[in-house]
Amino acid sequence: MVAGIIEVEDVGEEGVRRRAAIEVEEEAGFTVDASRVMILGAGTFPSPGAMAEKFWLAAVEVDPKSVTSPSGDGSPMEEGATVEWLDLEDAIAACVRGDIEDAKTELALRRLADRLR
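This is a predicted model, so every value here is computed, not measured. (Residues numbered from 1 in each chain as written. Predicted model: local features only at pLDDT ≥ 70, side-chain atom pairs only at ≥ 80, totals over all residues. Heavy atoms only, no water.)

### A look at the nonpolar core
Counting six residues, the largest nonpolar core consists of L40, F55, L57, A59, A108 and L112. Among residues more than four places away in sequence, those in contact with A108 are M1, L40 and L57. (Core = buried A, V, L, I, M, F, W, Y, C linked by side-chain atoms within 4.5 Å. Buried < 20%, exposed > 50% of the residue type's maximum accessible area, 1.4 Å probe, protein only. Contact = heavy atoms within 4.5 Å.)

Here's what the structure looks like:
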């Protein structure tokens, strides 16, 4: 799961798709066309009233053979990142077990599972 911050120029769904494509390249090393990015439902606040951060969840299919070195954005948060592949149901189970301790990741995985059904 990659993540990023919506910038001022990232307006509407087109902006969210474009930002998602940028983050996929920076953090995971895949070049994707923003038009292929699927928005996974409405944006959501992780802690309404306490945080102004809003999550926009999206997904895009990539070819594992097309990976390159992630370009990064120069921030320490992206140093040493690795790509790990899990089946969708295994990834959700890892969240439930606590192996993946990230609410946005679990929510995105569950929304993706709903979309694919």
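### Quick word on helix α2 (residues 88-97)
Along α2, the residues that are buried comprise A91, I92, A94 and C95. All buried residues of α2 fall inside an arc of 155 degrees around its axis, so they share one side. Projecting away from the buried face of α2 at angles above 90 degrees are the exposed residues V96 and R97. Residues of α2 that are buried make contact with α3 (103-116). Immediately downstream of α2, the backbone of G98 shows phi near 95 degrees, a positive value. (Helix = DSSP H or I, 4+ residues; strand = E, 2+ residues; numbered from the N terminus. Arc of directions from axis to C-beta.)

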